[in-house]
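Letter by letter, the chains look like this.
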Amino acid sequence: MGGLHSSKRRRVDEPACRWSAEEIGILADAVRSAPSVHNTRPWSLAVRERTAELREGEIETLAYHDPEGRDRRMSCGAALTNLVLAVRSLGWTADVDIGIAGKSLAIAKVTGSRRADPTAAEIRRYEAIGDRTSYRRAFGPEAVPGQLRETVSSAATSVSVLGRWISGGDEALAVARLLAYAAGAFHGNADYKRELSAWTTVPGESKGEGELGLSWADLVSAGLGAVGLATSRTRVPDESVLTARIERESLLVVSSRGDEPLDHIRAGESVEQAWLEATGAGLAASIMTQPLHLGEVRDALAVRLGLSTVPQALMRFGYPAAATPGNRRGQP
Ligand SMILES: Cc1cc2nc3c(=O)[nH]c(=O)nc-3n(C[C@H](O)[C@H](O)[C@H](O)COP(=O)(O)O)c2cc1C
């Protein structure tokens, strides 16, 4: 999108106690640009005085892909990160209050109570919002440097969420087995595939600007990115091919302390923090949650990685294939 640039970060003259129409537009743009399950944007945004209210919305038509609403809540978490960064970029504190009773839909209120300059990291991540996109194709050959991996995993880590890289052949093999198992399970589920096709444009057609749903052209049929969203054309690679791919790519496991609705929102916030940090540094990324919708896959992954936390998302990072070292923001 590239529309969220620094000129919008200047402070806009505002009436004493409410955001101006221009500021509200900046908040809405940031929220609209967040990643979401099947690009459904399962939220609504309302602004009152200097409080922005993000409400989780039900999507009944994801009964087979997201029966528990895990992805819906993570999507709201990602949108909340963008909202907070936009509030901070306007030069306000962002006091967050998340209301969620039991399994009910969440409401996150973000209030700018006083003036406060954004940090360098907040500015960097805010400015990456318009460039972030799902990159499911194969990455270029260049490895992600260790220091950048550290920065990205730190961006995903908070008091309630852990970002941890898959490392070494044993872990890669364990993940490959679980991904192949999950892809096979979804691939064989006709109801799931029917539901996915309802959210996907037909071949040759592209999605209009701002339209919900997935573009057929954005989905790939082979590689790790394909295993993360099984379609009728997904070719599930054998374990050794998948293991080699995992070892070549940088794969981050985002896990949360608990597995309650608030944990899913927190995981979504972390996913977006890491994704924006990586985007700002010229990396491309995509997320896979689908395999982790299977409880047995979540449990087995935690055991194989020695985690006491609950895996919520896998994120793959690398340099876009077309980018050269001098042009790291090259188009995917
Ligand atoms: C919680 C969540 C779960 C997602 N799960 C998957 C997934 O399993 N596989 C996949 O390929 N993309 C997944 N995505 C990516 C969305 O399809 C993508 O964000 C959406 O289509 C918008 O496209 P964009 O990321 O390019 O803006 C997920 C995104 C979110 C926020």
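Reference entry: report on the structure contained in this document. Being a predicted model, the structure only gives us computed values, none of them experimental. (Residues numbered from 1 in each chain as written. Predicted model: local features only at pLDDT ≥ 70, side-chain atom pairs only at ≥ 80, totals over all residues. Heavy atoms only, no water.)

### A word on the nonpolar core
- By size, the foremost hydrophobic cluster in this structure holds 31 residues, and its most contacted members are L179, L242, I246, L251, L301 and L314.
- Mapped by element, the contributors of at least two residues to this core are α5 (168-187), α6 (190-198), α7 (224-227), α8 (239-248), β6 (250-256) and α10 (295-305).
- No other element matches α5, which puts 9 residues into this core.
- Those residues in contact with I246 that lie beyond four places of it in its chain are I166, A172, V175, A176, L179, L224 and L251.
- W19, V84, A108 and I265 belong to the second largest nonpolar core, which has 28 residues in total. (Core = buried A, V, L, I, M, F, W, Y, C linked by side-chain atoms within 4.5 Å. Buried < 20%, exposed > 50% of the residue type's maximum accessible area, 1.4 Å probe, protein only. Helix = DSSP H or I, 4+ residues; strand = E, 2+ residues; numbered from the N terminus. Contact = heavy atoms within 4.5 Å.)

### Considerations on α10
- Turning to α10, its buried residues are V297, R298, L301, A302 and L305. Looking down the long axis of α10, one finds its buried residues gathered within 130 degrees of arc, a one-sided arrangement. In α10, the exposed positions angled more than 90 degrees off the buried face are occupied by D299, V303 and R304.
- In this structure, the buried side of α10 is in contact with α2 (70-89), β5 (161-165), α5, β6 and β8 (310-318). (Arc of directions from axis to C-beta.)

### Notes on the pattern of salt bridges
- One pass over the structure, following the stated rule, counts 17 salt bridges.
- R124 is the partner of E277 in a salt bridge, and the nearest nitrogen-oxygen pair spans 3.0 Å. Residue E277 is found in helix α9 (residues 261-280), and its partner R124 is found in helix α3 (residues 120-128); the two are separated by 153 residues along the sequence.
- Using a relative accessible area of 7% as the deciding quantity, one classes E277 as buried.
- A salt bridge links R194 to D191, with the shortest nitrogen-to-oxygen separation between them at 2.6 Å. Placement of both R194 and D191 in helix α6 is noted, with a separation of 3 residues, approximately one turn of the helix. (Salt bridge = Lys/Arg side-chain N within 4 Å of Asp/Glu carboxyl O.)

### Some words on the site of the ligand
- Taken together, 19 residues sit near the ligand, with R132, S134, R136, G228 and T289 positioned nearest.
- Coverage of the ligand by the protein amounts to 90% of the 620 Å² it exposes when considered alone.
- Tallying contributions element by element places α2 first for the shell around the ligand, with 3 residues.
- Grouping the amino acids of the shell around the ligand by side-chain chemistry returns 7 nonpolar, 9 polar and 3 charged. (Near = heavy atom within 4 Å. Areas by Shrake-Rupley, 256 points an atom, 1.4 Å probe, with all protein chains shown as cover. Nonpolar A, V, L, I, M, F, W, Y, C, P; charged D, E, K, R; others polar.)

### Some words on the sheet that holds strand β1 (residues 43-48)
- Strand order in this open sheet of 4 strands is β1-β2-β4-β3, and the pairing throughout is antiparallel. Looking at the sheet topology across the chains shown, the edges are occupied by β1 and β3 (95-99). Neighbour-to-neighbour, the strand axes of the sheet open up by a mean angle of 15 degrees, direction not taken into account.
- Relative to strand β4 (residues 107-111), strand β2 (residues 51-56) is paired through 5 bridges, and the arrangement is antiparallel. Residue pairing across strands places L54 opposite A108, the latter belonging to β4.
- Strands β1 and β2 of the sheet are contacted by helix α1 (residues 21-32), whose axis makes an angle of about 165 degrees with β1.
- Strand contacts of α2: β1, β2, β3 and β4, with the helix running at about 170 degrees to β2, the strand carrying the most contacts. (Pairing = 2+ DSSP bridges. Axes fitted to C-alpha atoms, helices over the stretch in contact; angles between N-to-C directions.)

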